[in-house]
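# Chain and residue survey
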Amino acid sequence: MAGTGKCFLVTGPPGVGKSTLIMRVFESLKVSNPTSKVQGFYTREIRQGSERVGFEVVTLDGRRGPLASTNISSPESHRWPTVGKYKVDVTSFESLALPELQVKEDTDLFIIDEVGKMELFSSSFFPAVLKVLESNIPVLASIPIPKSGRDIPGVARLKNQPGATVFTLSTSNRDAAKETIYSQLVDALQKH
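In the annotation of an unreviewed UniProt entry, the protein is listed under the name AAA+ ATPase domain-containing protein and assigned to Acer negundo.

Here it is, written out as C-alpha cells:
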C-alpha cells in the first residue's frame, strides 16, 4: 500500500537546529538499532571565521562535496542557480545525494536534510524523494519554514503526504522533539 510509510518532517526557523536534531536522532539510532541500514545525507554550513560562506552536502557514511558557496568563481559557476548570495552546485549535490536516495530492499530508514530551495534546483532530486516516500520505508527529513506564509511546491507535497508528521522546532521544544521523533522512529523501524 502506497503512502502508509512513516514520514517525519522537521521544520523551524533558520539556525534553530534542524540538522543538529536529525544527526542526534541518527546517532541515537546507531546505538539502539545498530543493524538498521540508514541511507541519506545532511547539509552543513561552511564558515570562514564567523561568516557563513556556503553549505556542503555530507552523506551518512562521511563523503562530502559542495552544495552552495558565496565565493566560487569557476568558468561554469556563472550559469549556476543562486539562492540569495549563494551559487548552487547542482552537479556536486546530485553526485552525492542521488545515489543515497536509491531505494534498496534492505534499506530501513532514509534521512534527507533538507528538502529545500537549493536542493530542489536539481530536477532529479524531488522525483527521487517521491520514490522514497512511495517505498513506505520510514523517512526523517527537514524542510524549510515557509517564507511569506507559502511553502515551495515540493515542500507542500511532502507535508500533504499520507502518514507525514510535521515537527516545528523552537529553542524551547527541540530536546523534547528529539525524544519524540526518536521513539516514534524506533517504533516505525520495528514495524517496517
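### Some words on the pattern of salt bridges
In total, this model carries 12 salt bridges according to the counting rule given. A single network of salt bridges, built from pairs that share partners, joins Arg-44, Glu-56 and Arg-64.

### Notes on the side chain of Glu-114
Structurally, the position occupied by Glu-114 is in the loop between β7 (109–113) and α3 (125–134). Residues within four places of Glu-114 in sequence aside, it is in contact with Lys-18, Phe-41, Thr-43, Glu-119, Phe-125, Ser-142, Ile-143 and Pro-144.

### Comments concerning the packing of aromatic side chains
Under the criterion given, the structure shown has 5 aromatic pairs. A ring pair is formed by Phe-41 and Phe-93, whose centres lie 5.5 Å apart and whose planes are at 80 degrees; its orientation type is edge-to-face. Here Phe-41, found in strand β2 (residues 38–48), pairs with Phe-93, found in helix α2 (residues 90–100); they are 52 residues apart in sequence, far enough to count as distant. Each member of the pair, Phe-41 as well as Phe-93, carries the same accessibility label: buried.

### Brief notes about the confidence of the model for the protein
Confidence in the prediction of the protein, expressed as mean pLDDT, is 92, and 97% of residues score 70 or more. Least confident of the elements in the protein is helix α4 (residues 153–159), whose mean pLDDT is 90; most confident is β7, at 98.

### Quick notes on the nonpolar core
Ranked by internal contacts, the top residues of the largest apolar core, which has 33 residues, are Phe-41, Leu-101, Ile-112, Met-118, Phe-125, Val-129 and Leu-158. The leading source of residues in this core is α3, at 7 residues. Every residue in contact with Leu-158, bar those within four places of it in the chain, is listed here: Leu-9, Val-115, Phe-126, Val-129, Leu-133, Ile-143 and Ala-164. In this structure, Val-16, Met-23, Val-58 and Val-186 belong to the second largest nonpolar core, which totals 24 residues.

### Some words on the pairing of β7
Of all the 5 residues making up β7, 5 are buried; the element is thus mostly covered by neighbouring parts of the structure. Of the two faces of β7, the one lined by Leu-109, Ile-111 and Asp-113 and the one lined by Phe-110 and Ile-112 are each fully buried. Pairing analysis gives 4 bridges linking β2 to β7, with the strands arranged parallel. Along β7, the bridge assignment pairs Phe-41 with Ile-112. Of the pairings in the sheet, the one linking β7 to strand β8 (residues 139–142) comprises 4 bridges and is parallel in character.

Reading the values: the criteria
One numbering rule holds for all chains: residues counted from 1, following each sequence as written. With the structure being a predicted model, the display of local features is reserved for residues of pLDDT at least 70 and the display and counting of side-chain atom pairs for 80 or more, all residues being used for whole-chain, interface and lining totals. Hydrogen atoms and water are omitted, and side-chain values are computed over all heavy atoms in the structure. The rule for a salt bridge is simple: a side-chain nitrogen of Lys or Arg has to be within 4 Å of a carboxyl oxygen of Asp or Glu. Only DSSP runs of H or I with at least four residues qualify as helices, and only runs of E with at least two residues qualify as strands; both kinds are numbered from the N terminus onward. Contact criterion: two residues are considered in contact whenever any of their non-hydrogen atoms come within 4.5 Å of each other. Centre distance within 6.5 Å is the pairing criterion for rings of Phe, Tyr and Trp, where only the six-membered ring of Trp is used; planes under 30 degrees apart are then read as stacked, over 60 as edge-to-face, and the remainder as tilted. A simple rule labels every residue: compare its accessible area, found with a 1.4 Å probe on the protein chains alone, to the largest value its type can have, and call it buried under 20%, exposed over 50%, or partly exposed in between. Note on scores: pLDDT gives the predictor's confidence for each residue, bounded by 0 and 100. Put simply, buried Ala, Val, Leu, Ile, Met, Phe, Trp, Tyr and Cys residues joined by side-chain atoms within 4.5 Å make one nonpolar core. By this definition, two strands are paired if DSSP reports at least two bridges between them.

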